[in-house]
Amino acid sequence: MMRRIILILVSVTLMIGGCSSTPKSYVPAARDQQKIEVANPELSLPSWFLNPPATAHHVIGISYCDMNPDSAETSAKNQAAVILSRNRSSYNVKKDILISDRSDYIEQDSKAQFEVNVSSSPNARKLFDALRCVEDFDLDCYHICLFSDLSTDVDTTIVTFEPHTEPEWIDRLAVEEMDGYVSSVATYRDQDLIRAYEEALIDARLQLARYKLKKVEALKEYEVTDDYSKTHQATAIETVVQLDGLTLNRLHVQRNYNNNLFSYTVHVEMGMEQ
């Protein structure tokens, strides 16, 4: 009986001692900090892209990145050959059609207009064969190459800036002339960088063409009077301006981010001897 009492007391003592012992404090494992991804990070572009060699032997081409690097370069070269061909020599064709309707009941004037810039010679294929990629880099999903038909050294210094930064030279006049050299600036924005680049170049050429003395190639008028004494008169004015020796002097890209979508604003400066 005494032995049973002793065992009971020992058991109670052990239980009390175990309950009164201070438990180890729980320290939760530190969570890994989530990396904060910047939606529109800085742009890092080579100097030869921002300030291309202003010669008739250099041209920049842009294509989509491809799993096959040779395919991406070939696509960029196709674009570059067409651009260089137009820079060396092209025609700016503008046509205005003025229509005038007059009768006892109607007086109406209307106007239609279109303007295009086309290469003056089909030499793009020869240029394609002669061009070689001097430098290249990738921007987002685009492959950008500097091509030349001559061996040359270019400035490969990397320039980093905020994606929405505008170039200082964009604030100048659209067309300026100094010491017989005429230059124009143009801007185009699109969700596709390739289209924005091409359209900015076209706008710059059109501005230079409008600045040059325009030559009227054709002026045709005809007048028809019908049985109802209605007079219909149409005037077609076609203006053709040739551009030679254009160079791309400066190029800048802004990357815009809105509603989870990228768009690109391309600024260009082109020039030629007057």
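Just above sits the structure.
**Q** Now, about the pairing of strand β2 (residues 58-64): what can you tell me, with residues and values included?
**A** The element β2 is largely enclosed, with a buried count of six among its seven residues. With seven bridges joining them, β2 and strand β6 (residues 142-148) adopt antiparallel strand pairing. By the bridge assignment for β6, Val 59 is matched with Phe 147.

**Q** Account for a nonpolar patch on the surface, naming residues and giving values.
**A** A surface patch of nonpolar side chains, amounting to about 310 Å² of accessible area, comprises Tyr 91, Phe 114, Val 116 and Val 118. Within the secondary structure layout, Val 118 lies in strand β4 (residues 107-119).

**Q** For the packing of helix α3 (residues 69-88) against helix α5 (residues 193-211), give the residues involved together with the corresponding values.
**A** For any two helices packed against each other, one specifies the crossing angle of their axes together with the interaxial distance. Two numbers describe how α3 lies on α5: the axes approach to 12 Å, and their chain directions differ by 5 degrees. Classified by the interaxial angle, the pair formed by α3 and α5 is roughly parallel. Note on element contacts: α5 touches α3 through Ile 194, Tyr 197, Glu 198, Leu 201, Ile 202 and Arg 205, opposite Gln 79, Ile 83, Arg 86 and Asn 87. Taken together, the residues of the contact of α3 with α5 sort by class into five nonpolar, two polar and three charged.

**Q** An account of the sheet that holds strand β9 (residues 181-190) is needed here, citing residue identities and associated values.
**A** Strand order in this open sheet of four strands is β8-β9-β13-β12, and the pairing throughout is antiparallel. Two strands close off the open sheet at either side, each with one partner strand: β8 (175-178) and β12 (247-258). For this sheet, the mean angle separating the axes of adjacent strands, direction not counted, is 15 degrees. One ladder, built from four bridges, connects β8 with β9; its direction is antiparallel. When the bridges of β9 are listed, Val 175 appears paired with Ser 184.

**Q** Give me the sheet that holds β2: which residues, what numbers.
**A** The sheet built from three strands is open, its strands ordered β2-β6-β5 with antiparallel pairing. Looking along the sheet, the strands with just one partner apiece sit at the ends: β2 and β5 (132-139). Across the sheet, the mean angle from the axis of one strand to that of its neighbour is 20 degrees, orientation sign disregarded. In this sheet, β6 lies alongside β5 in antiparallel orientation, the contact comprising seven bridges. Among the inter-strand pairings, Asp 138 is bridged to a residue of β6, identified as His 143.

Calculation criteria
- Residues numbered from 1 in each chain as written.
- Predicted model: local features only at pLDDT ≥ 70, side-chain atom pairs only at ≥ 80, totals over all residues.
- Heavy atoms only, no water.
- Buried < 20%, exposed > 50% of the residue type's maximum accessible area, 1.4 Å probe, protein only.
- Helix = DSSP H or I, 4+ residues; strand = E, 2+ residues; numbered from the N terminus.
- Pairing = 2+ DSSP bridges.
- Patch = residues over 30% accessible without salt bridge, like charges linked within 9 Å, V, L, I, M, F, W, Y side chains within 5 Å.
- Areas by Shrake-Rupley, 256 points an atom, 1.4 Å probe, with all protein chains shown as cover.
- Salt bridge = Lys/Arg side-chain N within 4 Å of Asp/Glu carboxyl O.
- Axes fitted to C-alpha atoms, helices over the stretch in contact; angles between N-to-C directions.
- Parallel < 35°, antiparallel > 145°, perpendicular 65-115°, else oblique.
- Contact = heavy atoms within 4.5 Å.
- Nonpolar A, V, L, I, M, F, W, Y, C, P; charged D, E, K, R; others polar.

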